[in-house]
Amino acid sequence: AFTTSDGDLRTLSSNGGATTELLSTSPSEPVLALGTGVDLDDDGNVGVVYVQKNANGSAVQTLKVIDANDGQASTFALPVAAKTSKTLLGVGRWSGSGPSAFYVAKTGNGDEIFRVPFDGSQVQPIANPANGVDAILGVADINGDDQSELVFTDGSQQTRYVKQSDGETASFTKVPGAGAG
C-alpha cells in the first residue's frame with residue numbers, strides 16, 4: 001500500500017503489475033499514516049489500515065481499515081490521536097485476541113503504543129517505552145517463547161519489542177552503523 005502525492009490510497013499487486021485505487025481523497029483529507037494489510041472478514045482479500053485527516057482540521061481521532069474486496073472502510077474511534085509523522089501502523093494478534101491494529105500516540109507521558117481491536121472492544125494502552133516510539137513494525141514471536149511480541153522502532157531508531165507476558169520492553173543487539181526506518 002502507498003499514498004500518492006494527493007494523499008490517495010493505492011495498492012500494488014504482488015506481481016508488480018497494476019495499481020488499484022482504494023480511496024480517493026480530497027486535499028483537505030489526505031491519508032496521514034499507513035499500516036500493513038489484514039484480512040478483516042476472512043474473505044481472502046487484504047485490507048489496509050490507515051489514519052486520515054479529518055476535513056474540519058481537528059486532531060486525528062479515527063483509524064480506518066478499507067477492505068480491498070468491496071472498498072468499504074471500517075472506522076474505529078481512538079481515545080488519543082495517532083502520531084502521523086515518521087510513523088507506521090502495525091497489525092497482528094496480541095494476547096490470544098483476533099486481529100488488531102497498533103498505533104503510536106503522543107501522550108503526557110511521551111509516546112505510547114495503543115491496541116485497537118477490530119472486534120469493536122475497548123482500545124487498550126500496551127506500552128509507554130522510555131525512549132519513545134516512531135513506528136510499529138508488527139507482531140511476531142521473535143524470541144522463541146511461543147508468545148508474540150510487538151516489534152517497533154524507538155525514538156533513536158533502535159528496533160525494540162514489547163513482551164506479551166509482562167508488557168516490558170527489550171531491545172535487540174545494535175549493529176554498528178545500522179538503523180531502522
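In the block above lies the structure referred to throughout.
Residues numbered from 1 in each chain as written. Predicted model: local features only at pLDDT ≥ 70, side-chain atom pairs only at ≥ 80, totals over all residues. Heavy atoms only, no water.

**Student:** What is the right way to look at the overall build of the protein in this model?
**Tutor:** If you tally the helices and strands in the protein, you get zero helices and 15 strands. Out of the 181 residues in the protein, the part that is buried amounts to 40%. Residue pairs in contact within the protein that sit at least 24 positions apart in sequence constitute 32% of those at least 6 positions apart. Element-wise, carbon and sulfur atoms account for 45% of the exposed surface of the protein, whose accessible area totals about 9,000 Å². (Helix = DSSP H or I, 4+ residues; strand = E, 2+ residues; numbered from the N terminus. Buried < 20%, exposed > 50% of the residue type's maximum accessible area, 1.4 Å probe, protein only. Contact = heavy atoms within 4.5 Å. Areas by Shrake-Rupley, 256 points an atom, 1.4 Å probe, with all protein chains shown as cover.)

**Student:** Explanation requested: unusual backbone geometry in the structure shown.
**Tutor:** As a rule of thumb, non-glycine residues mostly have phi less than zero, and peptide bonds are mostly trans rather than cis. One non-glycine residue, Asp146, lies in positive phi territory at about 65 degrees. Here Asp146 shows up in the loop between β12 (135–140) and β13 (149–153). For Asp146, a relative accessible area of 76% gives the class exposed.

**Student:** In this structure, what is going on with the sheet that holds strand β4 (residues 31–38)? I would like to understand it.
**Tutor:** Hydrogen bonding along the main chain pairs the strands of a sheet, whether they run parallel or antiparallel. Reading across from one edge, β4-β5-β6-β7 is the order of the four strands in this open sheet, with antiparallel pairing throughout. Because the sheet does not close on itself, it has two edges, and the strands there are β4 and β7 (73–77). Looking at each pair of strands side by side, their axes are set apart by 25 degrees on average, direction ignored. Taken together, the five bridges between β4 and strand β5 (residues 47–52) define a ladder with antiparallel strand orientation. For Leu34, the partnering residue across the bridge sits in β5 and is Tyr50. (Pairing = 2+ DSSP bridges. Axes fitted to C-alpha atoms, helices over the stretch in contact; angles between N-to-C directions.)

**Student:** Would you take a moment to explain the side chain of Arg115 for this structure?
**Tutor:** Within the secondary structure, Arg115 sits in strand β10 (residues 110–117). Of note is the side chain of Arg115, whose polar atom sits 3.1 Å from the side chain of Ser100. (Polar contact = N/O pair within 3.5 Å; in protein donor to acceptor, adjacent residues only side chain to side chain.)

**Student:** Even after reading the chapter, I still don't get the pattern of salt bridges, so can you show me in this structure?
**Tutor:** Once the charged atoms of two side chains with opposite charge are near each other, the side chains can pair. All chains considered together, the criterion is met by four salt bridges. With a closest N to O distance of 3.1 Å, Lys83 and Asp111 form a salt bridge. Of this pair, Lys83 sits in the loop between β7 and β8 (90–93) while Asp111 sits in strand β10, and the two are 28 residues apart along the sequence. The two residues Lys83 and Asp111 agree in class, both being buried. The residue Arg160 makes a salt bridge to Asp154 at a minimum N-O spacing of 3.9 Å. (Salt bridge = Lys/Arg side-chain N within 4 Å of Asp/Glu carboxyl O.)

**Student:** When you look at the nonpolar core in this model, what are you seeing that I'm missing?
**Tutor:** A general feature of soluble globular proteins is that nonpolar side chains tend to end up buried together. Formed by 18 residues in total, the largest nonpolar core has its most connected members in Val49, Leu63, Val65, Leu89, Tyr103, Val116 and Phe118. Secondary-structure elements contributing two or more residues to this core are β4, β5, β6 (62–67), β9 (99–107) and β10. If one sorts the elements of this core by residue count, β9 sits on top with three residues. Other than its neighbours up to four places away in sequence, Val49 contacts Ala33, Leu34, Gly35, Thr36, Val38, Leu63, Lys64, Val65, Leu89, Val91, Ala101 and Phe118. Core analysis: the next-biggest nonpolar cluster, separate from the first, contains eleven residues, Trp94, Ile113, Ile136 and Val162 among them. (Core = buried A, V, L, I, M, F, W, Y, C linked by side-chain atoms within 4.5 Å.)

**Student:** Even after reading the chapter, I still don't get the packing of aromatic side chains, so can you show me in this structure?
**Tutor:** To describe a pair of aromatic rings, one takes the distance between the centres and the angle between the planes. Tallied over the entire structure, the rule returns three aromatic pairs. Ring geometry for Trp94 versus Phe102: centroids 6.2 Å apart, planes at 70 degrees, classification edge-to-face. Neither residue differs from the other here; Trp94 and Phe102 are each classed as buried. For the pair Tyr103 and Phe114, a centre-to-centre distance of 5.4 Å together with 20 degrees between the ring planes defines the contact as stacked. Taken together, the residues span a long stretch of sequence, with Tyr103 in strand β9 and Phe114 in strand β10 at a distance of eleven residues. Side by side, Tyr103 and Phe114 carry an identical accessibility label, which is buried. (Phe/Tyr/Trp six-rings, centres within 6.5 Å; stacked < 30°, edge-to-face > 60°.)

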